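# Summary of the model geometry
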Amino acid sequence: MWQEKNRALFAQCLNGLASDPYVKQMEPIHQHVEGVSCYDHCLFVSYLAFTLCRITGLDYRVAARGGLLHDLYLQNWAETNINRLRRLWLHPHMALANARRFGLSPKEENIIQSHMWPVGRTLPKSWESVMVNLADKTAATVEMLHLVRILGVQKNLELLKQA
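Heads up: these notes are all about the structure in this document.

Rules used throughout
Residues numbered from 1 in each chain as written. Predicted model: local features only at pLDDT ≥ 70, side-chain atom pairs only at ≥ 80, totals over all residues. Heavy atoms only, no water. Salt bridge = Lys/Arg side-chain N within 4 Å of Asp/Glu carboxyl O. Buried < 20%, exposed > 50% of the residue type's maximum accessible area, 1.4 Å probe, protein only. Helix = DSSP H or I, 4+ residues; strand = E, 2+ residues; numbered from the N terminus. Core = buried A, V, L, I, M, F, W, Y, C linked by side-chain atoms within 4.5 Å. Contact = heavy atoms within 4.5 Å. Arc of directions from axis to C-beta. Axes fitted to C-alpha atoms, helices over the stretch in contact; angles between N-to-C directions. Left-handed = near helix turned anticlockwise from the far one by under 90°.

Another aspect to go through is the pattern of salt bridges. Side-chain pairs of opposite charge can arise whenever the charged atoms involved come near each other. Using the criterion set out here, one finds 6 salt bridges in the structure. Among the salt bridges present, the one from Lys24 reaches Glu27, with a minimum N-O distance of 3.3 Å. According to the relative accessible area criterion, Lys24 is partly exposed, its value standing at 27%. A salt bridge links Lys161 to Asp40; the nearest nitrogen and oxygen atoms lie 2.7 Å apart. Taken together, the residues Lys161 in helix H7 (residues 153-162) and Asp40 in helix H2 (residues 38-56) connect sequence positions 121 residues apart. Its relative accessible area of 7% is what places Asp40 among the buried residues. In the salt-bridge network here, residues are joined through shared partners; they are Asp40, Glu158 and Lys161.

Given below as structure tokens:
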């Protein structure tokens, strides 16, 4: 999964999006657990979805882009009085509004809007949306179980950042 040729193709799919200063604003925002940034979470989700879509013959470019932008909400929740339950519904809409600056396709928009399904109200309309949803749940589980270092995810994310 983490092979160099896959990392190179992944980087081509993102076409510099991962290093865009606006996207990099996710770096100081914590996701799920201490030590995992929103940026790292999104990069992990993006790569997992990219891999799943390549294996299944789906549009891996759309999945990579949508996966990277799915949590581009750019909000430090600790600075708000918005409760956790409300965040589950609100953040996909915030992420979509922010991500539109990158010229999204309809599939990419649906990926971002529906990534919280079944908790969120928006249904996935493509298999790529389903794959990003699955990748998001997988990444969150790995992060919350503190398996990021044990499974070598952090080391491989650093390699993705260099590609």
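Still more to cover.
Let us now look at the nonpolar core. Counting 47 residues, the largest nonpolar core has Phe10, Val23, Leu43, Phe44, Leu68, Leu69 and Leu72 as its most contacted members. When contributions to this core are tallied by element, the ones reaching two or more residues are helix H1 (4-14), strand E2 (33-37), H2, helix H3 (60-69), helix H4 (84-99), helix H5 (106-114), helix H6 (127-144) and H7. Counting residues per element, this core draws most heavily on H2, at 11 residues. Beyond its immediate chain neighbours, meaning those up to four positions away, Leu43 contacts Phe10, Ala18, Leu68, Leu157, Leu160 and Lys161.

Residues Val153, Gln154, Asn156, Leu157 and Leu160 constitute the buried set of H7. On an axial view of H7, the arc spanned by its buried residues comes to 160°, and they lie on one face. With respect to the buried face of H7, the exposed residues turned more than 90 degrees away are Lys155 and Gln162. The inward-facing, buried residues of H7 abut H1, H2 and H6.

At a closest axis distance of 9 Å, the pairing of H5 and H6 adopts a crossing angle of 35°. You can see that H5 and H6 cross each other, and the crossing is right-handed. Residues Lys107, Asn110, Ile111 and Ser114 of H5 touch H6, and the partners they reach there are Glu128, Ser129, Val132 and Asn133.

The omega torsion of the bond from Trp117 to Pro118 falls at 15°, within 30 degrees of zero and hence cis. Structurally, the position occupied by Pro118 is in the loop between H5 and H6. Unlike most non-glycine residues, Leu74 shows phi in positive territory, near 55°. In this structure, Leu74 sits in the loop between H3 and H4. At His146, a position not held by glycine, the phi torsion is positive, near 55°.

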